[in-house]
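# Tertiary structure, described
Residue strings, one per chain:
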Amino acid sequence: MAGGVLNPAGQAVQTRFRIGLADSWGIAPGSSVLEIGCGQGDMTAVLADAVGPDGRVVGIDIAAPSYGAPVTLGQSAAHLLAGPLGQRTEIRLATDVLAASFPAGAFDHVVLSQCSWYFASYEQLRDTLARVRPWARRLCLSEWDLRPTTVEQVPHLLAVLAQGQIEAGGSRGDGNIRTVFGRDDLHRAAADAGWRIGTTATVEATGMQDADWEIAATLDYVGDTARMSALPAEIRRLVATQADLLRATARPRGNPALPAYSVTAA
Ligand SMILES: C[S@@+](CC[C@H](N)C(=O)[O-])C[C@H]1O[C@@H](n2cnc3c(N)ncnc32)[C@H](O)[C@@H]1O
């Protein structure tokens, strides 16, 4: 979020996308929102704007304030809290939702935006969705859709899958994508946690830089001998093949992102 100071045009694209998400979820003025996986606060700021001066947003992230680059979560939170939306916003970093507690019905909405793939496992996501169930009336989810609609989106897909395979192969990192979920997986996790799926929508993601970021992260991982040598040989070979394919098919920059979708549940 404070990253917007470094790249205002890029931040505008990210913010516009999240305004589309908040619209798709119908976040109304005066409502209270718990955001899980708030990261650098891109969604938190949009939610704080949507709820207005009489609303409230609590953002929670499991990562430490020192996590994140080029701007850390702690720096971003300080920037948001010092600005005009700060009065209606609270941010709790280094906080595990599974160990947190709120009164029943404390929130109108629980939001998870583009963070499910950062969870350590399906079970951790499901248990988190179950933990928040009593706290809010509605669940609002968004994630990238693994189903490309154009061939130019395939490098984003390849990058995501390769990162998921690196993690699944046992070479664990605490940075980028850890567990890749498709739409059906997310619906299953929400249903297993006691939520009933309501509406789903595709959300406009034109211009989003996430494909470029994930491609760069994947090629970094593949170039990291320590991470790659921790993988079983067969998985290492499979990941290396996908990295070759990625280098052959991705543009140097400006790769279009996969489509994104939003879901509500009650
Ligand atoms: C892509 S980032 C932030 C996305 C952010 N919601 C947005 O829309 O800009 C994903 C975040 O999920 C967080 N995360 C991963 N597992 C988590 C968990 N179990 N509980 C809370 N946050 C988690 C990560 O620490 C990371 O900051």
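Computed from a predicted model, the values in this text were never measured in an experiment.

Parameters at a glance
Residues numbered from 1 in each chain as written. Predicted model: local features only at pLDDT ≥ 70, side-chain atom pairs only at ≥ 80, totals over all residues. Heavy atoms only, no water. Helix = DSSP H or I, 4+ residues; strand = E, 2+ residues; numbered from the N terminus. Rg over C-alpha atoms; globule rule 2.2 N^0.38 Å. Buried < 20%, exposed > 50% of the residue type's maximum accessible area, 1.4 Å probe, protein only. Areas by Shrake-Rupley, 256 points an atom, 1.4 Å probe, with all protein chains shown as cover. Lys, Arg positive; Asp, Glu negative; His and termini not counted. Charge placed at Lys NZ, Arg CZ, Asp CG, Glu CD. Near = heavy atom within 4 Å. Polar contact = N/O pair within 3.5 Å; in protein donor to acceptor, adjacent residues only side chain to side chain. Nonpolar A, V, L, I, M, F, W, Y, C, P; charged D, E, K, R; others polar. Contact = heavy atoms within 4.5 Å. Axes fitted to C-alpha atoms, helices over the stretch in contact; angles between N-to-C directions. Parallel < 35°, antiparallel > 145°, perpendicular 65-115°, else oblique. Left-handed = near helix turned anticlockwise from the far one by under 90°.

### Digging into the overall build of the protein chain
Within the protein chain one finds nine helices and seven strands. At 18 Å, the protein chain has a C-alpha radius of gyration in line with the 18 Å of a compact globule built from 266 residues. By its C-alpha atoms, the protein chain is 55 × 40 × 35 Å across when sized along the principal axes. Looking at the 266 residues of the protein chain, the share that counts as buried comes to 51%. For the protein chain, the computed accessible surface area is about 11700 Å², with 55% contributed by carbon and sulfur atoms. Positive and negative side-chain charges of the protein chain, numbering 22 and 27 respectively, have mean locations separated by a distance of 3 Å.

### Here's the deal with the site of the ligand
The immediate surroundings of the ligand are formed by 18 residues, with R18, G37, D61, S113 and Q114 found nearest. Residue E35 places a side-chain N or O atom 3.4 Å away from a nitrogen atom belonging to the ligand. When the ligand sits alone it has 610 Å² of accessible area, and the protein chains cover 90% of it. Mapped onto the shell around the ligand, the elements with two or more residues apiece are strand 1 (32–36) and helix 2 (42–51). Of the residues assigned to the shell around the ligand, the class counts are nine nonpolar, five polar and four charged.

### Looking at unusual backbone geometry
The amide bond that connects A69 to the next residue, P70, takes the cis arrangement and shows omega of 0 degrees. Tracing the backbone through its elements, the reader meets P70 in the loop between strand 2 (56–60) and helix 3 (73–82). Backbone geometry at A94 places phi at a positive 50 degrees, although glycine is not the residue there. Structurally, A94 can be placed in the loop between strand 3 (89–92) and strand 4 (107–113). Judged by relative accessible area, A94 falls into the exposed class, the value being 51%. Positive phi is not limited to glycine here, since Q114 has a value of about 45 degrees. Residue placement: Q114 occurs in the loop between strand 4 and helix 4 (122–132). Relative accessible area serves as the criterion here: at 11%, Q114 is assigned to the buried category.

### Let's talk about the environment of I235
Considering the arrangement of structural elements, one finds I235 in helix 9 (residues 233–249). The sequence separation of I235 and G169 amounts to 66 residues, and the corresponding C-alpha distance is 6.5 Å. The residues contacting I235, other than those within four sequence positions of it, are Q165 and G169.

### Section: the packing of helix 4 against helix 6 (residues 183–192)
At a minimum axis distance of 8 Å, the contact between helix 4 and helix 6 shows a crossing angle of 45 degrees. The angle between the axes of helix 4 and helix 6 places the two elements in the oblique class. Relative to helix 6, the crossing made by helix 4 is right-handed. Along its contact with helix 4, which presents Y122, L125, R126 and L129, the element helix 6 presents D185, L186, R188, A189, A190 and D192. For the contact of helix 4 with helix 6, a count of residues per class yields six nonpolar, no polar and four charged.

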